[in-house]
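Close look at the chain arrangement
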Amino acid sequence: MLGIIGAMEVEVESLKAMMDDAQVIQKAGMDFYRGTISGKEVVVVKSGIGKVNAAICSQILVDVFQVRAIINTGVAGSLNTEIKICDIVVSTEALEHDMDVSPLGYEKGVIPDMPVSCYPADEALRELAKNSVKAAGLEIGVFDGRVVSGDQFIATPEKKDELRGFFKGDCAEMEGASVAHTAYLNEVPYLIIRAISDQADGKAEMDYPTFEKKAAENSVKLLVEMIRAY
Ligand code: ADE
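The text that follows walks through the structure, step by step, so that each part is easy to find. (Residues numbered from 1 in each chain as written. Predicted model: local features only at pLDDT ≥ 70, side-chain atom pairs only at ≥ 80, totals over all residues. Heavy atoms only, no water.)

1. Observations regarding the site of the ligand
Not every one of the 13 residues close to the ligand is listed here, only the nearest: G77, F153, I154, S197 and D198. At a separation of 2.8 Å, a nitrogen atom of the ligand approaches a polar backbone atom of I154. Contacts to the ligand include D198, whose side-chain N or O atom sits 2.6 Å from a nitrogen atom. Out of a free accessible area of 260 Å², the ligand has 96% covered by protein chains. For the shell around the ligand, the secondary structure elements donating two or more residues are β5 (69-78), β9 (171-173) and β10 (190-198). Tallying contributions element by element places β5 first for the shell around the ligand, with three residues. Class assignment for the residues of the shell around the ligand results in eight nonpolar, three polar and two charged. (Near = heavy atom within 4 Å. Polar contact = N/O pair within 3.5 Å; in protein donor to acceptor, adjacent residues only side chain to side chain. Areas by Shrake-Rupley, 256 points an atom, 1.4 Å probe, with all protein chains shown as cover. Helix = DSSP H or I, 4+ residues; strand = E, 2+ residues; numbered from the N terminus. Nonpolar A, V, L, I, M, F, W, Y, C, P; charged D, E, K, R; others polar.)

2. Overview of the pattern of salt bridges
This model, assessed by the stated rule, comprises 17 salt bridges. For R126, the salt bridge goes to D144, with nearest N and O atoms at 3.2 Å. Placement of the pair is R126 in helix α3 (residues 123-136) and D144 in strand β8 (residues 142-149), with a sequence separation of 18 residues. The exposure class assigned to D144 is partly exposed, which follows from its relative accessible area of 36%. (Salt bridge = Lys/Arg side-chain N within 4 Å of Asp/Glu carboxyl O. Buried < 20%, exposed > 50% of the residue type's maximum accessible area, 1.4 Å probe, protein only.)

3. Details of the pairing of β5
The element β5 is extensively covered by neighbouring structure, given that 10 of its 10 residues are classed as buried. Sheet topology note: the β5/β9 ladder contains two bridges and is antiparallel. Opposite S78, over in β9, you have C171 as the bridge partner. (Pairing = 2+ DSSP bridges.)

Quick look at the structure:
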């Protein structure tokens, strides 16, 4: 069973629509759609926005559905000038950029008493994603990248510079690292696939609504080919 999380309806609606034999199970106010896509067993769920929702959702996928892996699909703001709107980032790792215990001497982003604070994505899932790009027929760039997540929509050059300069992020969003964190604690492989809806700058609030749907569809297109080959 493969667990697939999107934060918003636009990020999962087409996946739900293509499922066969879908059954809906409700937990923690979330609708988990269990069924098959291309004959592969999947659970598709909208977690809601932000790190807490995504962490709770991920833990349910592990405990209730015993998923073998979790993939987070959706949109993100680009932090890397090479990665343009509608391009895709396949995560190399993910960290929580709003974790800040620096007054106690910890580097920003470091979670005290955790062995790691930046969670590597599963290499086999990354390979699967790369091998699926051609079949997905996407005429866009697909990049490896570090995903940085926080409970903030990034829309200023100053914040963007910090996430790029200090955290070395390639894209910013609001859930991926908490999916990664939960996957890490449960020793479950995970991957984040995010298509770019905006550039996390002063134009982000205008670009986001314009490109959200197209970007979300690009992420799903790659994911569907991955599921087929899984
Ligand atoms: N998701 C899409 N764009 C984003 C941004 N600029 N900041 C945070 N999450 C996002």
